[in-house]
Amino acid sequence: LMVAPFYWTLITSFKSRAELRLFPPTWWPREPTLEHWRSLTNLQFGSFVDFFRNSLIVAGASATIVTLA
């Protein structure tokens, strides 16, 4: 049960936009695509690397503060 959300997120990232809207949902992509992964490098409002770095800074600062408190 704990792995199911991670599996669903990963599998969904390989589905096409049309397949995301199907009901009932598919458990495996019919035509896997890297469309969503490619879009991570073409963000118009920032880059994935910047977002990841900012998340690491916030998580690291939070962990340090909680550990020292």
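That block above? That's the structure.
Predicted, not measured: the structure shown is a model, and the values here were computed from it. Counting starts from 1 at the beginning of each chain's written sequence and moves along it residue by residue. Only residues with pLDDT of at least 70 are given local features in this predicted model, and only at 80 or more are side-chain atom pairs given and counted; all residues enter the totals for whole chains, interfaces and linings. The side-chain figures draw on all heavy atoms in the structure; neither hydrogens nor water molecules are used.

(A) Region of the structure containing the overall build of the protein. The numbering of helices and of strands both runs from the N terminus, where a helix is a DSSP run of H or I of at least 4 residues and a strand a run of E of at least 2. Counting secondary structure elements, the protein contains four helices and zero strands. N-terminal to C-terminal, the α/β element order of the protein is α-α-α-α. C-alpha atoms define the radius of gyration in this analysis, and the globule rule sets the expected value at 2.2 Å times the number of residues to the power 0.38. In terms of C-alpha radius of gyration, the protein reaches 17 Å, well past the compact-globule figure of 11 Å for 69 residues. Overall, the C-alpha framework of the protein stretches about 50 × 35 × 15 Å when taken along its three principal axes. Only protein chains enter the accessibility calculation, which uses a 1.4 Å probe; a residue whose area is less than 20% of its type maximum is buried, one above 50% is exposed, and one in between is partly exposed. For the protein, buried positions account for 13% of its 69 residues. We call two residues in contact when some of their heavy atoms are within 4.5 Å. In the protein, 8% of the contacts between residues at least 6 apart in sequence involve partners at least 24 apart. In the form shown here, the protein has an accessible surface area of approximately 6,200 Å², with 71% of it arising from carbon and sulfur atoms. His is not counted here, nor are the chain ends, while Lys and Arg score as positive and Asp and Glu score as negative. Every charge is mapped onto a representative atom, which is NZ of Lys, CZ of Arg, CG of Asp or CD of Glu. Across the protein, the centroid of the 6 positively charged side chains sits 3 Å from that of the 4 negatively charged ones. Here the accessible surface of atoms and residues is derived via Shrake-Rupley with a 1.4 Å probe, and residues count as covered only by protein chains that are part of the display.

(B) Structural context of unusual backbone geometry. The omega torsion across Phe23 and Pro24 is 0 degrees, close enough to zero to call that bond cis. Topologically, Pro24 is positioned in the loop between helix H2 (17-20) and helix H3 (35-39).

(C) The pattern of salt bridges, seen in detail. Salt bridges, as used here, are contacts in which a Lys or Arg side-chain nitrogen is within 4 Å of a carboxyl oxygen on Asp or Glu. Going through the model one piece at a time under the given rule, you end up with two salt bridges. For Arg17, the salt bridge is made with Glu35, and the minimal N-O distance between the two is 2.9 Å. Of this pair, Arg17 sits in helix H2 while Glu35 is found in helix H3, placing the two residues 18 residues apart along the sequence. Residue class for Glu35 comes out partly exposed when judged on its relative accessible area of 30%. With a shortest N-O distance of 3.2 Å, Arg53 and Asp50 are connected by a salt bridge. Of this pair, Arg53 and Asp50 both sit in helix H4 (residues 48-68), separated by three residues, roughly a single helical turn. On the accessibility criterion, Arg53 (43% relative accessible area) is partly exposed.

(D) Structural detail: the environment of Leu34. If you trace the backbone, Leu34 turns up in the loop between H2 and H3. Taking relative accessible area as the criterion, Leu34 reaches 42% and is therefore assigned partly exposed. Taking the C-alpha atoms as reference points, Leu34 and Lys15, 19 residues apart in sequence, are found 8.2 Å from one another.

(E) Focus on the packing of aromatic side chains. Here the aromatic set is Phe, Tyr and Trp, taking the six-membered ring for Trp, and pairing holds for ring centres within 6.5 Å; pairs whose planes are under 30 degrees apart are stacked, those over 60 apart are edge-to-face, and all others are tilted. Tallied over the entire structure, the rule returns one aromatic pair. Relative to Trp27, the ring of Trp8 has its centre 5.1 Å away and its plane inclined at 75 degrees; by these criteria the two rings are edge-to-face. A residue pair is termed long-range when its members are at least 10 positions apart, and Trp8 in helix H1 (residues 4-12) and Trp27 in the loop between H2 and H3 qualify at 19 residues. Judged by relative accessible area, which is 61%, Trp27 ranks as exposed.

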